[in-house]
Amino acid sequence: MRSSKTIHVISAHAEGEVGDVIVGGVAPPPGDTLWEQSRWIARDQSLRNFVLNEPRGGVFRHVNLLVPPKHPEADAAFIIMEPEDTPPMSGSNSICVSTVLLDGGIIPMQEPETHMVLEAPGGLVRVRAECRNGKAERIFVQNLPSFAARLDAPLEVEGLGTLTVDTAYGGDSFVCVDAQALGFSLTADEAHDIAKLGVKITNAATEALGFTHPTNPDWRHFSFCLFAGPVSHGPEGLRAGAAVAIQPGKVDRSPTGTALSARMAVLHARGQMGVGDRLTTVSLIGSTFTGRILGTTTVGDHPAILPEISGRGWVTGIHQHMLDPSDPWPEGYRLSDTWGAR
């Protein structure tokens, strides 16, 4: 077999959401900071296209590039490539990366717990992994500081009228809607409708409300729409359904760690969660992430929380993505039947 490039990948998923990890075959991109490196990848597009586009990728796939860390405290660093964005942080991807680092032997595993510091483009995240019999069984990630931006904001959406939404940042930017008020019970058969409607709401929120991060002026859009289910109270804390629509039109199979962080920030801003409280969110496939508020801080002039999220990840395979020099689609292709079908 001939190939002009060979990229080595360990595939994984976190509570159902695919988060492959490139472990070799790609040189670190230029940039003095991890954020600058991630912006280079976002602008250049060639690596994103090669691993995310068909025939190697698909709208269901996220891919993370391991690179040497820039921060002296970090043990490893990763750049996240999602179908349409190259974001500051991702909860499911950080769990996949942590699982691959430990289960793959890239970072030595210590039982019963391994502690690591990872550098994401948006900043440092601290990881605690419960490990047994050579397997990282549960990953706890202290996520980036998270904050509510707007509460009960009116948003006009074509075909829906005026919605009341919250906006928040949980390592990525969210517009949050009441799933029940929109007629959703957050079951698997609603995924297609949630994906289509969520993209419409996300785009409307970016245009009408706008998003501004106090310390990262590059992030000026909403990435996701969170369809938030009603909160119930139980012996282990709060619990709620969650479905997140991802550009260009799919639903996260996991409960979305950044969405969990964003929702905890909103509930904290409303006085419905405090430091030490827990919230477990349930995805459309029944998988769960559990969040906890570790403390409070500020991001610029925004009151913020320090969120911890936890979930499980599994390695699903080892792949070598190759490019035959005669392949007429060296960066792959997309069609609207899956990529952003409206």
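Now for a description of the structure that goes with this document.

Conventions used here
- Residues numbered from 1 in each chain as written.
- Predicted model: local features only at pLDDT ≥ 70, side-chain atom pairs only at ≥ 80, totals over all residues.
- Heavy atoms only, no water.
- Helix = DSSP H or I, 4+ residues; strand = E, 2+ residues; numbered from the N terminus.
- Rg over C-alpha atoms; globule rule 2.2 N^0.38 Å.
- Buried < 20%, exposed > 50% of the residue type's maximum accessible area, 1.4 Å probe, protein only.
- Contact = heavy atoms within 4.5 Å.
- Areas by Shrake-Rupley, 256 points an atom, 1.4 Å probe, with all protein chains shown as cover.
- Lys, Arg positive; Asp, Glu negative; His and termini not counted.
- Charge placed at Lys NZ, Arg CZ, Asp CG, Glu CD.
- Salt bridge = Lys/Arg side-chain N within 4 Å of Asp/Glu carboxyl O.
- Core = buried A, V, L, I, M, F, W, Y, C linked by side-chain atoms within 4.5 Å.
- Expected span 1.5 Å × (residues − 1).
- 1 Å grid on protein atoms, 1.4 Å probe; cavity = no way out; pocket = protein on both sides within 12 Å on 5 of 7 lines; lining within 4 Å.
- Points joined across faces, edges and corners; volume = space filled by probe spheres on them.
- Nonpolar A, V, L, I, M, F, W, Y, C, P; charged D, E, K, R; others polar.
- Pairing = 2+ DSSP bridges.
- Phe/Tyr/Trp six-rings, centres within 6.5 Å; stacked < 30°, edge-to-face > 60°.
- Lys NZ or Arg CZ within 6 Å of the ring centre and 35° of its normal.
- Disulfide = S-S within 2.5 Å.

A word on the overall build of the protein
For the protein, the count of helices and strands is 5 helices and 19 strands. Here the protein has a C-alpha radius of gyration of 19 Å; the compact-globule value for 342 residues is 20 Å, and the two agree. On the principal axes, the C-alpha backbone points of the protein span a range of 55 × 45 × 40 Å. Taken over 342 residues, the protein has a buried fraction of 54%. Partitioning the contacts of the protein with sequence separation of at least 6, the portion at a separation of at least 24 is 63%. Per element, the accessible surface of the protein, about 14,100 Å² overall, is 49% carbon and sulfur. Positive and negative side-chain charges in the protein, numbering 27 and 38 respectively, have mean positions lying 2 Å apart.

Let's talk about the side chain of Arg 39
Mapping Arg 39 onto the fold places it in helix α1 (residues 34-44). Nearest to the buried, unbridged Arg 39 among oppositely charged side chains is Asp 218, at 5.3 Å.

Here's the deal with the nonpolar core
One finds Leu 155, Ile 201 and Phe 227 to be the most contacted residues of the largest nonpolar core, which totals 69 residues. In terms of nonpolar packing, the next biggest core, distinct from the first, is built from 16 residues, Ile 22, Phe 50, Leu 52 and Ile 79 among them.

Considerations on helix α4 (residues 191-208)
Compared with the 26 Å implied by 1.5 Å per residue over 18 residues, the 25 Å span of α4 between its first and last C-alpha is a close match. Those residues of α4 lying buried are Ile 194, Ala 195, Leu 197, Gly 198, Val 199, Ile 201, Thr 202, Ala 204 and Ala 205. Contact partners of the buried residues in α4: β9 (147-157), β10 (161-169), β11 (173-178), β12 (224-228), β14 (237-246) and β15 (250-251).

Looking at empty space enclosed by the protein
A complete count under the given rule lists 1 cavity of 30 Å³ or more for this structure. Counted as a void, the largest cavity has a volume near 70 Å³. At the level of secondary structure, the elements contributing two or more residues to the lining of the largest cavity comprise α3 (91-103) and α5 (257-269). Considering only residue class, the lining of the largest cavity consists of 3 nonpolar, 7 polar and 3 charged.

Overview of the layout of surface pockets
There is about 310 Å³ of room inside the largest pocket. Of all the secondary structure elements, the ones that give two or more residues to the lining of the largest pocket are β10, β11, β12 and α5. Of the residues in the lining of the largest pocket, the class split is 9 nonpolar, 4 polar and 5 charged.

Remarks on the pairing of β11
Within β11, 5 of the 6 residues are buried, which leaves it mostly tucked inside the rest of the structure. Sheet analysis places β10 next to β11, joined by 4 bridges and oriented antiparallel. Bridge pairing links Tyr 169 to Ser 173 in β11. Turn length for the β10-β11 hairpin, with the two strands adjacent in sequence and antiparallel, is 3 residues, and the turn residue Gly 171 shows positive phi of about 100 degrees. In terms of strand pairing, β11 meets β12 through 5 bridges, oriented parallel. Paired with Cys 176 across the two strands is Leu 226, which belongs to β12.

Topic: the environment of Ala 148
Looking at the element boundaries, Ala 148 is found in strand β9. Those residues in contact with Ala 148, other than ones at most four positions away along the chain, are Thr 167, Ala 168, Ala 265, Val 266, Ala 269 and His 302.

What to know about the packing of aromatic side chains
Any two aromatic rings considered together are summarised by their centre-to-centre distance and by the angle between their planes. Under the defined criterion, the tally for this structure stands at 7 aromatic pairs. For the ring pair Phe 174 and Phe 224, a centre distance of 5.1 Å and an interplane angle of 40 degrees mean the geometry is tilted. Within this pair, whereas Phe 174 is found in strand β11, its partner Phe 224 is found in strand β12, the two being separated by 50 residues in sequence. Phe 224 sits in the buried class, given a relative accessible area of 5%. An aromatic cluster of at least three residues, connected via ring pairs, comprises Phe 147, Tyr 169, Phe 211 and Phe 222. One cation-aromatic arrangement involves Lys 5 over Phe 50; the distance from NZ or CZ to the ring centre is 4.4 Å. The ring of Phe 140 has Arg 128 lying over it, and the distance from NZ or CZ to the ring centre is 3.9 Å.

A few points about the state of the cysteines
A disulfide bridge is the covalent bond that connects two cysteines by way of their sulfur atoms. A full pass over the atoms with the stated rule returns 0 disulfides. There is no disulfide at Cys 131, and the cysteine sulfur nearest it, in Cys 96, is 15 Å away. Since its relative accessible area comes to 4%, Cys 131 is described here as buried. Counting only cysteine sulfurs, Cys 176 is the nearest neighbor of Cys 225, a cysteine outside any disulfide, at a range of 7.6 Å.

Section: the pattern of salt bridges
As enumerated under the stated definition, the model contains 15 salt bridges in all. Between Lys 250 and Glu 17 there is a salt bridge, with its nearest N and O atoms 2.7 Å apart. Taken together, the residues span a long stretch of sequence, with Lys 250 in strand β15 and Glu 17 in strand β2 (residues 17-18) at a distance of 233 residues. Given a relative accessible area of 5%, Lys 250 falls into the buried group. Owing to a relative accessible area of 1%, Glu 17 belongs among the buried residues under this scheme.

What is shown is where atoms sit, not what they do.
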